[in-house]
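Chain by chain, the residues run as shown.
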Amino acid sequence: MHLPRPHSAALTLGLTLAAIAVVPVALEAQSATQSATQSATPSAARRAMTPADISAWKSIRGATLSSDGAWFAHLLAPNEGDAEVVVRQTTAGGKVLRFPIGEPPANGGAPVMAADGRWVAMLVYPKAAEQKKLRQQRRPIVSRALVVNLATGEQREFDRIRRIAFGGEAPKYIAMQAFGPDAPAGGGGAAGGPAPGAPGMGGNLMGGGPRVDGTDLLLHELGTSAVFNIGNVSDFAFDEAGHQLAYAIEAREQVGNGVQLRELTTGVVKSLDAGKAFYRRLAWSDTLNALAFLKGVADSANTDTTWTAIGVSRIGTPAPQRVVVGAGGTVALPNGMEISPDRTPRWMDALDGLVIGLRVAAPPVPKSEQLDDDDRPTLILWHHKDPRLQSMQLVQEQADRGFSFVATYLPASQKVVQLTDDVVRTGSLGGRDAWLLGTDSSPYERQSSVDGIQRRDIYVVNARTGEKTLVKQDARSMPQLSPDGRTVTYWDDGHWQAFDIATKGTTNLTKGAPVSFIDTEDDHNVDRPATQFLGFSKDGKFVLLQDNYDVWRVSLTGTQFTNLTVDGKAKRIRYARRIVTDARERGIDLTKPLYMAALQARTKKEAIVRIDPARAGAVALTGWREARHLPMKAKSADVWVASIQTASRFPDYWRISYGAGALADSVRLTDANPGMNGVAWSSGSRLVDYVTEKGDSLQGVLVLPANYEPGKSYPTLTFIYELQSDNLHTFWAPNFSSSPNALIGVHASRGYAVFLPDIVYKINDPGMSAVWSVVPAVKAAIRTGVVDSTNVGLHGHSWGGYQTSFLVTQTNIFKSAVAGAPLTDMISMYSSVYWNTGSANQGIFQSSQGRFKGNFLDHREAYERNSPNRFADKVKTPLIILHDDKDGAVDFNQGITYYNTLRQLGKDVILLEYVGENHGLAQLKNRRDYSLRLMEYWDSYLKGQPAPEWLRNGIPRLKMEEHLREMKKKAAGKKIAM
């Protein structure tokens, strides 16, 4: 077969250096202990944050580190407007490259770095202003690709590209998939993978046949000017080494369709399969030279498609192996089954078979019997025997339609072995593809929907024989399969258990342990919940468990217990989060150091620690610091970078160099908002200790206002939602949002203190627990002298909204309050539906946040004494309720009935309803409007500012348009009244 011709100049914008900004010493080496808020401008001279500042505030997204640690790249994007990709060397004084990329989509724009760190690529989008015009004109928004040589700064641009991918660990090529001629409005896909709905993601392949997805695929040889155009490509995939590119051809009329393979070292193109068919879901083996894919053939009526799974192994050898299963194959599928197009086939680990998906073959319905919209009743039939509510079935309908059973095809025995079925319905292969770990929840599905306790029967299924072995009935935790495929662990009766697959015996791993692995700090209504399971050792002899503080190495014989961290419980240090440095590891290698993020529970100091399993004890690599670290390690070098943040320090990234357990020699890699953009910022945060009315010792975080002066008290906003004190060192980046926390930094900038108290719960008293915790917390915060006791506000959303709506019925300590999407009647809410998932709320009340022992019939008095609406006549605090008509978590009726009750009683209450919004505000225009109203609300009640008309008297419907124009002007202005 002849080689594809070099790409014509019409689709490439050629070589240019003009657009690139090279900054040799843009970010100098600094001490990581130096505050990122330092600036030549005195803090007192900085202005309070405005809506315009919030829009311009930048965040760092898609941070990535080259394999050798030499280069660091990220997307730098404002909350609104055009973004840029920044790439820099990680050494002090290193080169910095900046690339404007327009306004990326919310989930796009991140750069893609070649594994060897020699190249970076990105998608470039139209600028925000241009995109607005295109949307108004209903024209497509398409991106282009930019490919940059990091050594020389040379770059090339390619028009109309929606997906980019480098090939292999040391790539010599980059593949770029173009948009078709009819690109959808709002186009622009993901840099590293298919855009939503793109080829390779399944697509709509039923009814009318598969659509034609093939577009140009540009294959650019890096370091040269060569670009090859491969037409009509619907999907593509490089092998692991980057030596071969497989791609599916999909042309109109299916002429020339097939899967082709290009040998990148020679340029030779081979056909792996061809026919009048559709090809989907290309998947290379992780480690071996083998490819699998799906082939679909439409029937003569073009109303259905039958599928075949094809595998080709030993590619490039004189005798490649080819296996076919499904339509056109020689092996019969299980009775009534066919190959599913919704599961990607792949080679098994030992390369002796394929993993495939099966679905029940649906008999075609004669056209004469099909219902059209005029004949189809709109009935939804709810029956008490339904294991899942009809509402849940509606939410999960597409997933149910795309459901497939897992099976293996073994060419040596010419057998298809079905591993999951109507009993073991869900499962995943593990243990080097020797076993499927499966579960069956069907016997408990109805009960679990009521009490929220997830029960399941656990099975292991032999991947080559299909033999099922019952591991445990009525298990209350998710099981884990060891990497060597010998052991299944699960939590039962207050202990970790290990099931030996070969002997079918069970060992209680923790019965003889010197500590308990029951999470006694969990205050939900759950029987003896487990602490964290960290994983199996690579050699299959141990598991790592955490007891809320220390990390323990426990033998699978249940006889050896080694505390690897030694002092966690004694010093109240939580070694809670393991830092995985090899994303492809199979088990934890206990011959090498472990890295974890650790937190001192009372002081909230944090550190990155190294644990050497050979000699117990943890070494704080970074020292214990008043900061939060979010680290990453280079794949093939001992180079670490981390974002480092505090309440007053933006989480910029630094290269971490371990020096005497400190970070004094770190290199600063980013400066997202230089000098905090000239706005005033919080002066820091401190812990407040307090004791609840029930005797629990808790803590809260007090975020200080900008330009804080000791001895002076400030208006204070109290934001509530369960446990929050671990956020002492969180930097609260500003954004428009319905979440209270998104505006913490804004409020601090504008002269407010913000208080985040912990709440612990007593069973059957979720509302009263908030009172018992929050009121003493606020009193303790007032005693610090920072909080003005006469000007304290309260805000919570969702569960926090419930707590807020209840608190104002029990205390007058707050001057004003905001309750977002609140539960207000526990009895009616109990049996309503959580529409976002379709499940009943009953489980939420019994084993999740509600923390009730049972239903309201058995505990009526408890439900009533914790329902805000039962005490509406006690409310004296002015209250804003945010509740949206399409709320799928807390029904809108909860908010509107509470509002109507308070209104009837003559209370100071306002309801903000954003039409069409769900549990939180998604549309920027609504988030901006809500945030601005909150600023005006707090300023009026807590600072004594004149109340705006909407707050003072409301707005008649016929004057709403005029009012919204005025609000838009305020949002675009430079100041909010202080």
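Residues numbered from 1 in each chain as written. Predicted model: local features only at pLDDT ≥ 70, side-chain atom pairs only at ≥ 80, totals over all residues. Heavy atoms only, no water.

1. Some details on the packing of helix α14 (residues 924-942) against helix α16 (residues 960-972)
The angle between the axes and the distance between the axes are what describe a pair of packed helices. Following both chains from N to C, one finds α14 and α16 inclined at 80°, their axes separated by 10 Å at the closest point. Considered as vectors, α14 and α16 are oriented roughly perpendicular to each other. The residues of α16 that touch α14, namely those facing Arg 928, Asp 929, Leu 932, Arg 933 and Glu 936, are His 963, Leu 964, Met 967, Lys 970 and Ala 971. When the residues that make up the contact of α14 with α16 are grouped by side-chain class, the tally is four nonpolar, one polar and five charged. (Axes fitted to C-alpha atoms, helices over the stretch in contact; angles between N-to-C directions. Helix = DSSP H or I, 4+ residues; strand = E, 2+ residues; numbered from the N terminus. Parallel < 35°, antiparallel > 145°, perpendicular 65-115°, else oblique. Contact = heavy atoms within 4.5 Å. Nonpolar A, V, L, I, M, F, W, Y, C, P; charged D, E, K, R; others polar.)

2. Points about the sheet that holds strand β44 (residues 640-646)
Reading across the sheet, the four strands line up as β43-β44-β45-β46 and stay open at both edges, with antiparallel pairing between neighbours. Pairing within the sheet leaves two strands with one partner each, and these edge strands are β43 (628-633) and β46 (667-668). Summarising the sheet, strand β45 (residues 649-656) and β46 pair through two bridges and their orientation is antiparallel. Residue Arg 655 lies in a different strand from β46, and its bridge partner there is Val 667. (Pairing = 2+ DSSP bridges.)

3. Quick notes on unusual backbone geometry
Although it is not a glycine, Arg 314 sits at a positive phi angle of roughly 50°. Among the structural elements, Arg 314 can be located in the loop between β20 (305-313) and β21 (321-326). Even without a glycine there, the phi angle at Ser 798 is positive, about 65°. Topologically, Ser 798 is positioned in the loop between β51 (787-797) and α9 (799-810). For Ser 798, a relative accessible area of 17% gives the class buried. (Buried < 20%, exposed > 50% of the residue type's maximum accessible area, 1.4 Å probe, protein only.)

4. Side note on the confidence of the model for the protein
Averaged over all residues, the pLDDT of the protein equals 89, while 91% of them reach at least 70. A low-confidence stretch, residues 1-41 (pLDDT under 50), is modelled with 99 contacts involving residues beyond four sequence positions or located in other chains. Low pLDDT, under 50, characterises residues 660-664; the stretch is placed with 16 contacts to residues that sit more than four places away or in other chains. (pLDDT = per-residue confidence, 0-100.)

5. So, the nonpolar core
Ranked by size, the top nonpolar core spans 57 residues in total, and within it Leu 807, Leu 823, Phe 845, Tyr 863 and Tyr 898 carry the most contacts. With ten residues, helix α8 (residues 766-783) is the single largest residue contributor to this core. Those residues within four positions of Leu 823 in sequence are excluded, and the remaining contacts are Ser 798, Trp 799, Tyr 802, Ser 805, Met 829, Phe 845, Pro 868, Val 890 and Gln 894. Membership of the second largest hydrophobic core comes to 55 residues, among which are Met 49, Val 703, Val 818 and Leu 921. (Core = buried A, V, L, I, M, F, W, Y, C linked by side-chain atoms within 4.5 Å.)

6. Comments concerning the packing of aromatic side chains
Summed over the entire model, instances satisfying the criterion amount to 28 aromatic pairs. Here Phe 403 and Phe 405 contribute two aromatic rings whose centre-to-centre distance is 5.1 Å and whose plane-to-plane angle is 90°, an arrangement assigned as edge-to-face. By relative accessible area, Phe 403 is classed as partly exposed at 22%. Ring geometry for Tyr 802 versus Phe 806: centroids 6.4 Å apart, planes at 35°, classification tilted. Note that Tyr 802 and Phe 806 are positioned in helix α9 at a spacing of four residues, about one turn of the helix. Its relative accessible area of 0% is what places Tyr 802 among the buried residues. (Phe/Tyr/Trp six-rings, centres within 6.5 Å; stacked < 30°, edge-to-face > 60°.)

7. Remarks on the pattern of salt bridges
This model, assessed by the stated rule, comprises 49 salt bridges. As a salt-bridge pair, Lys 270 and Glu 263 come within 3.9 Å of each other at their nearest N and O atoms. Accessibility expressed as a relative area gives 14% for Glu 263, which makes it buried. Between Arg 865 and Asp 765 there is a salt bridge, and its shortest N-O distance comes to 2.7 Å. One end of the pair, Arg 865, is in helix α12 (residues 860-865); the other, Asp 765, is in the loop between β50 (753-757) and α8, with 100 residues separating them in the sequence. For Arg 865, a relative accessible area of 26% puts it in the partly exposed group. According to the relative accessible area criterion, Asp 765 is buried, its value standing at 10%. (Salt bridge = Lys/Arg side-chain N within 4 Å of Asp/Glu carboxyl O.)

8. As for the packing of α8 against α9
At a minimum axis distance of 9 Å, the contact between α8 and α9 shows a crossing angle of 75°. The orientation of α8 relative to α9 falls into the category roughly perpendicular. On the side of α8, the interface is formed by Pro 766, Gly 767, Met 768, Ala 770, Val 771, Val 774 and Val 775, while α9 contributes Trp 799, Tyr 802, Gln 803, Phe 806, Leu 807 and Gln 810. Residues of the contact of α8 with α9, tallied by class, amount to ten nonpolar, three polar and no charged.

9. Some remarks on α16
Given 3.6 residues to a turn, an α-helix orients residues that are three or four positions apart in the same direction. With 13 residues, α16 should reach 18 Å at 1.5 Å per residue; the first-to-last C-alpha distance of 18 Å fits that figure. Of the residues making up α16, those classed as buried are His 963, Met 967 and Ala 971. Buried residues along α16 cover an arc of 80° about the axis, so they all sit on one side. Along α16, the residues that are exposed and aim more than 90 degrees away from the buried face are Glu 961, Lys 968, Lys 969 and Ala 972. On its buried side, α16 packs onto α1 (51-56), α14 and α15 (949-952). (Expected span 1.5 Å × (residues − 1). Arc of directions from axis to C-beta.)

10. Brief notes about the pairing of strand β33 (residues 495-500)
Alignment of strand β32 (residues 487-492) against β33, held across six bridges, turns out to be antiparallel. Residue pairing across strands places Thr 487 opposite Asp 500, the latter belonging to β33. Between β32 and β33, which pair antiparallel one after the other, the connecting turn spans two residues, and Asp 493 there sits at a positive phi close to 55°. Taken together, the three bridges between β33 and strand β34 (residues 506-508) define a ladder with antiparallel strand orientation. By the bridge assignment for β34, Ala 498 is matched with Thr 507. The antiparallel pairing of β33 with β34 creates a hairpin that spans five residues between the two strands, and Lys 504 there sits at a positive phi of about 65°.

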